[in-house]
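Summary of structural features
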Amino acid sequence: MRDFVPPCQAACPAFTDVQGYVALTALGRFTEAYDVARLTNPFSNSCGYICFRPCEQNCRRASVDQPISIMELKRAAAAFGEACGPDPESASNGQFHMQRRNLGGEAKRIAIIGAGPAGLTAAQDLVAAGHKVTVFEREPKAGGMLRLTIPNYRLPDTALDCDINEVAATGVKIKYGQELGKDFSIDELRADNDGVIIATGLPFSRSLPVFPTEGDNVYTAIPFLKAVKAGNPPALKSRVIVVGGGNVAIDVARTAVRLGAKEVNLVCLESRDKMPAHDWEIEEAAAEGVNLNCCLGPSKLVSSGASVEGLTCQAVSRVFNEEGRFDPQFVPDKFLTVAGETVIVSIGQGRDTSALRSAEVDITKEQPRDVFMAGEFATGPGSAIGAVQNGHVVAAAVAAFLTGKPAAVYEPAVLADLPERMRPLVPARQRRTGMTRPSADRVRDFELFEPGLTEVEAAREGLRCMACLSGAVVDPEKCIACLTCVRVCPFEIPKIGADNVAVIDTAECQACGLCATECPAGAITLRRGQEERLLDEAVAAAAAAKQVDFYCMNRLYNDADELPQGHTIVPAMCIGQVSELLMLEALRAGAAKVNVSLCPEEGCFFGTARDRTIARVASVQATLTELGLEPAMIAIKE
Amino acid sequence: MIVGQRKPIDEIYAMIVANDVKKLLLGGCGTCVTISFAGGEKEVAELTAALELKATSDGWTLEITQLTPLRQCEPEYTREMADAVKAADAVLSLSCGVGVQTLAAEFPGKRVLPGVNTMMLGSHSPDRLFIEYCGACGDCILGETGGICPIVRCSKSMLNGPCGGSVNGKCEVSPDIGCGWQLIFDKLNELKLGATWDEVTTARDWRPSWHGGPRRLESK
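Predicted model, so just to flag it, every value in this text is computed and none were measured. (Residues numbered from 1 in each chain as written. Chains lettered and ligands numbered in written order. Predicted model: local features only at pLDDT ≥ 70, side-chain atom pairs only at ≥ 80, totals over all residues. Heavy atoms only, no water.)

1. Some words on the overall build of chain B
- In terms of regular secondary structure, chain B is built from eight helices and nine strands.
- Over its C-alpha trace chain B gives a radius of gyration of 21 Å, far above what one expects of a compact globule, namely 17 Å for 220 residues.
- Along the first, second and third principal axes, the C-alpha atoms of chain B reach 65 × 40 × 30 Å.
- Per-residue burial over chain B gives 41% buried out of 220 residues. (Helix = DSSP H or I, 4+ residues; strand = E, 2+ residues; numbered from the N terminus. Rg over C-alpha atoms; globule rule 2.2 N^0.38 Å. Buried < 20%, exposed > 50% of the residue type's maximum accessible area, 1.4 Å probe, protein only.)

Listed below in structure tokens is the structure:
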């Protein structure tokens, strides 16, 4: 059978197991959640702040109410879990991280130029494949554009440091202050290594002939943002004009607001709905006082002597032609002037190829087989997570080139949308975001503009996940078509198929687990090994505390404003997952008391779970009585 | 379907102790008793856990192996259990009586204990109620009684109408039991076959049933 993945995972360029870490977050297991998020995304901590979250745009919950705040949960996982501290070798790191230490070998030598998301992702993959990898970074710190330009109100350095430390700890060697063309040449790298990856990104800011290259009170985006992050912000004149409609322009505009600009006017060619910047970023900027001036093309800088006074713009009639190509057209004679004393041009970035032409080879023209290009250097402008993806792809290509073995291809099917009939059955639950700081307050500093979720909020938000693809799987060899699953399912999902085997529609299943616990033939299991997890946790709780409290996750946080404490609590997706066997195993493992908490009748999403649970507990109590053991060892808790 | 019910666990445990069983093969049956929640893979696992819990608290050394073939009533399937049977002191079969006897015949010298009471040939309803529908009498007359069997659904297996204990459509044995003949009467009326009610059923030949000794049937 072909594997399925939920659409959130399929949408993630790095193929992150979103559902996996969201489920762990819901359990308050932030360290494990962080480990899962990091498995395919070495920049998961940073992405928890800045990702453009295609996962959320594809979340199946959107058809019920709103998507899960997935990015916030990734952030919470790193913030509340034992993520990497400032010292990568610190003992506070989780077990998983320790197991990933120093993966590298000596199989082949690879040099990577540029320690941004693409370069370091490729580096980590290649180290994990047993190669010796050295990354050359011209700056004193790694992270590329995330480090140099993403403002601190969006991404704190600590998160990025954590990601970098994790990569370094796997055995990737990063050499700082090493600039291509100055400290080493491409020919030298090729001579010393079996493969070279160029991942130098897009360091140049583009400008337009209308503007002086860099003059009094005219800046370009990258140098401007870099200077601010380096702690040397230019003194902005009172009114600032930002040219450009992309995400970088938004960063520039919001940074200008924070630097005390009296007025920030953003000017862009596109209409509001066609601006390349993400919608939410535009909204956040507008909330912070950035004025949007759409459908305008810069025409002439108005200046008096050395002083800028404004920017004359021409109205735009269209930006793209019929074929969708960039081909702006202007309305004749329709001009207006936006007043301002500072202009920051943010209309795109370009790559630096100056050091790629050598006596041996001009890499801008022909690419030798041992030289690879990764990240935005190769793909053009994109996202951090897109650079991570490309880092994976290039690492696989390099590994295939070095070993002669083709890379494995894995193409699972994507789980379909939640079927229409299921949508009204899933209870709506309010989405939580960490967006709680008023704009008037947040523009005063470069502290995080959204404080993020608290631990309890994160766990509760995680509970909103519909746990797509955690549900039932039928083993056709064992199924005897006894109809038990058909009869016990709260949503009438199982059917007996044409070949006399139960069929449970993965797209409909809500993963309560009732059918799996009731199936007398043992033919139904739950995906993601939930039965094993429950058993392991029950046994651990019994051994540690002599008591096991089985809880429905949906009820877990209802009563308290803090995460449940103590070792006795074993949360299940639905209390119906707690089988008689599980109760008995908890007793066998040494529990003197096993409590099974019921959800209130009216609050239960999985209608039949309550009755079945009551029956199961009664059955175990009868068994204990028959055996001359104390039936009160197991009890229902309302 | 053959409907089974697991024996009370204290009775099972007493058999194990009385036979001094240290290594037990707990054999489920993957067909009828699985459907009746008495002897499938799930019940085997639960019973194992319960017995081990009891044995531990008693200090009784009991090692249980679990195995659930498709059916215990066919030698081809029970033979799959041969190695496990050999290694065990005794087998506790959660099959119906047919399975228990097939196992006992297949493995001479091995103690086979029943863990299930074979209850009836019955039907399984969505509310987990099993109702006896057939007595395997060997001479079916359902065609004359509107599809309701007087042999098992009348407490006295009467063939010519209700006895004096039929009160308001219920049997005098228990108010939970519908009078079989009331059901037949209503059904025949529904089918507009009320006239057949007057026909007298002659004395029945019980030899095809269990009164003729153990039955043997040679299929064509």
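Past the structure itself, the notes keep going.
2. As for the packing of aromatic side chains
All names here are of chain A.
- Tallied over the full model, the rule gives eight aromatic pairs over all chains.
- Aromatic pair Phe-15 and Tyr-410: ring centres 6.1 Å apart, planes at 85°, arrangement edge-to-face. Linking Phe-15 in the loop between α1 (7–11) and α2 (18–26) with Tyr-410 in the loop between α16 (384–403) and β17 (413–414), this pair joins segments that are 395 residues apart in sequence.
- One aromatic cluster is present, built from ring pairs that chain together Tyr-153, Phe-446 and Phe-449.
- Between Arg-351 and the ring centre of Phe-377, over which it is positioned, the NZ or CZ distance is 4.4 Å. (Phe/Tyr/Trp six-rings, centres within 6.5 Å; stacked < 30°, edge-to-face > 60°. Lys NZ or Arg CZ within 6 Å of the ring centre and 35° of its normal.)

3. Topic: the domain arrangement of chain A
- Considered domain by domain, chain A is made up of domain 1 (4–96 + 416–463), domain 2 (99–203 + 369–403), domain 3 (205–349) and domain 4 (474–638).
- Summarising the inter-unit geometry, the C-alpha centres of domain 3 of chain A and domain 4 of chain A are found 59 Å apart. (Domains from an automatic or database assignment.)

4. A look at the pattern of salt bridges
Residue and element names in this part refer to chain A.
- For the structure shown, the criterion picks out 51 salt bridges over all chains.
- Arg-464 is the partner of Asp-65 in a salt bridge, and the nearest nitrogen-oxygen pair spans 2.9 Å. Separated by 399 residues along the polypeptide, Asp-65 in the loop between α5 (54–57) and α6 (70–80) and Arg-464 in the loop between α18 (455–463) and β18 (472–474) bring together distant segments of the chain.
- Among the residues examined, Asp-65 registers a relative accessible area of 23% and is labelled partly exposed.
- Among the salt bridges present, the one from Arg-437 reaches Asp-441, with a minimum N-O distance of 3.0 Å.
- For Arg-437, a relative accessible area of 14% gives the class buried.
- Ionic contacts of the salt-bridge type, sharing partners, join the residues Arg-254, Arg-258, Glu-284, Glu-288 and Arg-442 into one network. (Salt bridge = Lys/Arg side-chain N within 4 Å of Asp/Glu carboxyl O.)

5. Details of the interface of chain A and chain B
- On the chain B side, the residues contacting the 23 residues of chain A number 26 residues.
- Both faces combined, the contact of chain A with chain B buries some 2,100 Å², and carbon together with sulfur accounts for 61% of it.
- For Glu518(A), the salt bridge identified is with Arg128(B), shortest N-O distance 2.6 Å.
- The tally of links between chain A and chain B comes to eight residue pairs in polar contact (both at pLDDT 80 or more).
- Listing elements by their share of the side of chain A that touches chain B, those giving two or more residues are α19 (484–488), α20 (514–518), α23 (580–588) and α24 (609–626) of chain A.
- Ranked by residues supplied to the side of chain A that touches chain B, first place goes to α23(A) with six residues.
- In terms of residue class, the side of chain A that touches chain B is built from 11 nonpolar, four polar and eight charged. (Contact = heavy atoms within 4.5 Å. Buried area = accessible area lost by both parts, 1.4 Å probe. Polar contact = N/O pair within 3.5 Å; in protein donor to acceptor, adjacent residues only side chain to side chain. Nonpolar A, V, L, I, M, F, W, Y, C, P; charged D, E, K, R; others polar.)

6. Digging into the confidence of the model for chain A
- In the predicted model, chain A carries a mean pLDDT of 90, and the fraction of residues at 70 or more is 94%.
- This model gives residues 85–99 of chain A a pLDDT under 50, and the stretch forms 28 contacts once residues within four places in sequence are excluded. (pLDDT = per-residue confidence, 0-100.)

7. Regarding the environment of Arg128(B)
- When you line up the elements, Arg128(B) lands in the loop between β6 (116–124) and β7 (130–134).
- With relative accessibility at 28%, the residue Arg128(B) sits in the partly exposed group.
- Sequence-wise, Arg128(B) and Phe37(B) are 91 residues apart; in three dimensions their C-alpha atoms are separated by 9.3 Å.
- Ignoring any residue separated from it by four or fewer positions in sequence, one finds Arg128(B) in contact with Thr484(A), Glu518(A), Arg612(A) and Phe37(B).

8. Notes on the environment of Val64(A)
Residues and elements named next belong to chain A.
- Mapped onto the elements, Val-64 comes out in the loop between α5 and α6.
- Between the alpha carbons of Val-64 and Leu-418 there is a distance of 8.6 Å; along the sequence they are 354 residues apart.
- Apart from residues lying up to four places away in sequence, Val-64 is in contact with Leu-418, Arg-423, Val-426, Pro-427, Ala-428 and Met-466.

9. Quick look at α6(A)
Residue and element names in this part refer to chain A.
- Of all the 11 residues making up α6, nine are buried; the element is thus mostly covered by neighbouring parts of the structure.
- All buried positions along α6 are accounted for by Ile-70, Met-71, Glu-72, Leu-73, Lys-74, Arg-75, Ala-76, Ala-77 and Ala-78.
- On its buried face, α6 is in contact with α1, α2, α3 (30–40), α4 (44–50), α5 and α18.

10. Regarding the sheet that holds strand β16 (residues 371–373) of chain A
Residues and elements named next belong to chain A.
- Across the sheet, which stays open at both edges, the five strands sit in the order β4-β3-β2-β5-β16 with parallel pairing between neighbours. A single partner strand is all that each edge strand has here, and the edge strands are β4 (173–176) and β16. Taking the axes of each pair of neighbouring strands and ignoring which way they run, one obtains an average angle of 20° across the sheet.
- Sheet analysis places strand β3 (residues 132–137) next to β4, joined by four bridges and oriented parallel. Its bridge partner being in β4, Val-135 is matched across the sheet by Ile-174.
- Relative to the sheet, helix α8 (residues 117–128) contacts β2 (109–113), β3, β4 and β5 (195–198), its axis offset from that of β3 by approximately 165°.
- Packing of α16 onto the sheet brings it into contact with β2, β5 and β16, and relative to β16 it is tilted by some 165°. (Pairing = 2+ DSSP bridges. Axes fitted to C-alpha atoms, helices over the stretch in contact; angles between N-to-C directions.)

11. Quick word on the sheet that holds strand β13 (residues 326–339) of chain A
Residue and element names in this part refer to chain A.
- Spatial strand order, β11-β12-β13: three strands in an open sheet with antiparallel pairing. In the strand order of this sheet, the two ends are held by β11 (296–304) and β13, each with one partner. Each strand of the sheet is rotated relative to its neighbour by a mean of 25°, with strand direction disregarded.
- As judged from the eight bridges shared by strand β12 (residues 307–320) and β13, these two strands associate in the antiparallel manner. Counted as the bridge partner of Gln-314 is Phe-335 from β13.

12. With respect to the pairing of β2(A)
Residue and element names in this part refer to chain A.
- In terms of burial, β2 is largely enclosed, as four of its five residues are buried.
- One ladder, built from five bridges, connects β2 with β3; its direction is parallel. Note on β3: the bridge partner recorded for Arg-109 is Lys-132.
- Two strands pair when backbone bridges link them, and β2 and β5 are joined in this way by four bridges, in the parallel orientation. Bridging from a neighbouring strand, Ile-112 pairs with Ile-197 of β5.

13. Focus on a nonpolar patch on the surface
- On the surface, Leu129(B), Ile131(B) and Tyr133(B) cluster together into a nonpolar patch covering about 270 Å² of accessible area.
- Accessibility expressed as a relative area gives 45% for Leu129(B), which makes it partly exposed. (Patch = residues over 30% accessible without salt bridge, like charges linked within 9 Å, V, L, I, M, F, W, Y side chains within 5 Å. Areas by Shrake-Rupley, 256 points an atom, 1.4 Å probe, with all protein chains shown as cover.)

14. Examining the nonpolar core
- In terms of nonpolar packing, the biggest core is built from 53 residues, with Val548(A), Phe550(A), Val594(A), Leu24(B), Leu51(B) and Leu92(B) touching the most fellow members.
- Ranked by residues supplied to this core, first place goes to helix α3 (residues 41–58) of chain B with seven residues.
- Formed by 42 residues, the second largest nonpolar core is a distinct cluster that contains Ala14(A), Ala122(A), Val135(A) and Ile385(A). (Core = buried A, V, L, I, M, F, W, Y, C linked by side-chain atoms within 4.5 Å.)

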